[in-house]
Amino acid sequence: MSTLRMAAVAAEFGRDLEEDFAVAERLIKEARAEGVRLLALPEACLGGYLLSLDNDTELDAGPPALALDGPEIRRLAALAGELTVVAGYCEAGTDGRRYNSVVCVNGDGVLGNHRKVHQPLSEDASYASGDRFHAFDTPVGRIGMLICYDKAFPESARALALDGAEIGVVVSAWPGARTNAAPDLVNDRWKRRFDLFDRARALENQIVWVSSNQSGTFGSLRFVGSAKVVDPGGEILADTGVGAGLAIAELDVAQALETARRSMGHLRDRRPETYTYAGVAGA
């Protein structure tokens, strides 16, 4: 039996890269002290998220755009060392466009990278969209990564599971509701959706799910925290609640997947030939 100790972060990050790296370094040290081997930091943790989702691009210049092979990602990899660390950032694409991206690193360098595909509200005013989902091998197992709104689409996580992902890691900057906001985030309807998507994506694909999120506030946004680790049966193993913290869980991933899929294997029992749309062409 080989167990993996993993952690999802809920924390506050802003525009100041040096401050963000200080927070990331503290969290990595805390995770290391807890014996964690896989750590998920939130979306946009290097440089902060957008100040608003209302197309107010004039509010500020947005997060700094970082090259995948640049000094900031190398710095993150050096901090990670023997840990496998996942973190969100604004990627400066070689095509001249900016992407909302997430990178997976350890001391050896970059292990994987994903550009956010699905963009909510006016996010497309600030970022170009990614165009694929894929899993990749790491020292802690085969991982697939998503960013925030990506998890609202079942096809996203399913594509990762079909590519052999044992662990889905989703990083978010998921805020509370924009209208009729609950005074207490615990009762916020967007927080409930955040949690439901996490549990559903883990259960329907029978994979381990590690979900990080920003906490606190940034611009007009109030984030719901709620970082968590979910098992392949959709059960929450650890959760930070709406505050900041580390959600830490330990699991034999291979055994958990085998147990979950033994009787009803959702991937094995698929009938893809039946999943067609019979509507009017072009509708």
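Up top is the structure these notes are about.
Each chain has its residues counted from 1, running along the sequence as written. Local features in a predicted model are, by the rule used here, given only for residues with pLDDT of at least 70; side-chain atom pairs are given and counted only at 80 or more, and totals for whole chains, interfaces and linings are based on all residues. Note that water and hydrogens are dropped before the side-chain values are worked out from all heavy atoms of the structure.

## Details of the side chain of Asn 100
Heads up, the condition is: Each helix corresponds to a stretch of at least 4 residues labelled H or I by DSSP, and each strand to a stretch of at least 2 residues labelled E; elements are numbered beginning at the N terminus. A 3.5 Å cut-off defines polar contacts: any pair of N or O atoms within that distance qualifies, except that in protein one atom must be a possible hydrogen donor and the other a possible acceptor, and neighbouring residues in sequence count only when both atoms are side-chain atoms. Throughout, a contact is declared for two residues whenever any of their heavy atoms are within 4.5 Å.
Considering the arrangement of structural elements, one finds Asn 100 in strand β5 (residues 98–106). A polar contact of 3.5 Å, which involves the side chain of Asn 100, links it to the side chain of Glu 123. Beyond its immediate chain neighbours, meaning those up to four positions away, Asn 100 contacts Glu 43, Tyr 49, Tyr 89, His 114, Arg 115, Lys 116, Glu 123, Tyr 127 and Ile 147.

## Let's talk about the packing of aromatic side chains
Test applied: Classification of ring pairs rests on two measures: the distance between centres of Phe, Tyr or Trp rings, Trp counted by its six-membered ring, which must be within 6.5 Å, and the angle between planes, read as stacked under 30 degrees, edge-to-face over 60 and tilted in between. Here's how the labels work: a residue is buried when its accessible area is under 20% of the maximum for its type, exposed when over 50%, partly exposed in between, all with a 1.4 Å probe on protein chains only.
Evaluated as defined, the whole model comprises three aromatic pairs. Relative to Phe 153, the ring of Tyr 149 has its centre 5.1 Å away and its plane inclined at 80 degrees; by these criteria the two rings are edge-to-face. We classify Tyr 149 as partly exposed; its relative accessible area is 30%. By relative accessible area, which is 26% here, Phe 153 ends up partly exposed.

## Here's the deal with the layout of surface pockets
The following threshold applies: In this analysis a 1.4 Å probe is tested at points of a 1 Å grid over the protein atoms alone, and where it fits but cannot get out there is a cavity; an open set with protein on both sides within 12 Å along at least five of seven lines is a pocket; lining residues have an atom within 4 Å of a point. Grid points are joined across faces, edges and corners, and a volume is the space filled by probe spheres set on the points. Each residue receives one of three labels: charged for Asp, Glu, Lys and Arg, nonpolar for Ala, Val, Leu, Ile, Met, Phe, Trp, Tyr, Cys and Pro, and polar for the others, Gly being one of them.
Of the voids in this model, the largest pocket is the one considered here, and its volume is about 280 Å³. Surrounding the largest pocket, 16 residues form its lining, Pro 120, Leu 121, Tyr 149, Trp 174 and Trp 190 being those nearest its centre. Counted by class, the lining of the largest pocket contains twelve nonpolar, no polar and four charged residues.

## Focus: the pattern of salt bridges
Convention followed: Salt bridge, as used here: a side-chain nitrogen of Lys or Arg that lies within 4 Å of a carboxyl oxygen of Asp or Glu.
The final tally for this structure, using the stated rule, is 21 salt bridges. When the shortest N-O distance is used, the salt bridge between Glu 82 and Arg 32 registers 2.8 Å. Linking Glu 82 in the loop between α2 (71–80) and β4 (84–92) with Arg 32 in helix α1 (residues 17–33), this pair joins segments that are 50 residues apart in sequence. With a closest N to O distance of 3.0 Å, Glu 123 and Lys 116 form a salt bridge. In this pair, the class of Glu 123 matches that of Lys 116, namely buried.

## Concerning the state of the cysteines
Covalent bonding between the sulfur atoms of two cysteines is what defines a disulfide. Here is the rule: In this description, a disulfide is simply a cysteine sulfur pair whose atoms lie within 2.5 Å.
Scanning the entire structure with this criterion turns up zero disulfides. With no disulfide of its own, Cys 104 has Cys 45 as its nearest cysteine by sulfur position, at a separation of 12 Å. The buried category is assigned to Cys 104, whose relative accessible area is 0%. Cys 45 supplies the cysteine sulfur nearest to Cys 148, a cysteine that is in no disulfide, at a spacing of 13 Å.

What is shown is where atoms sit, not what they do.
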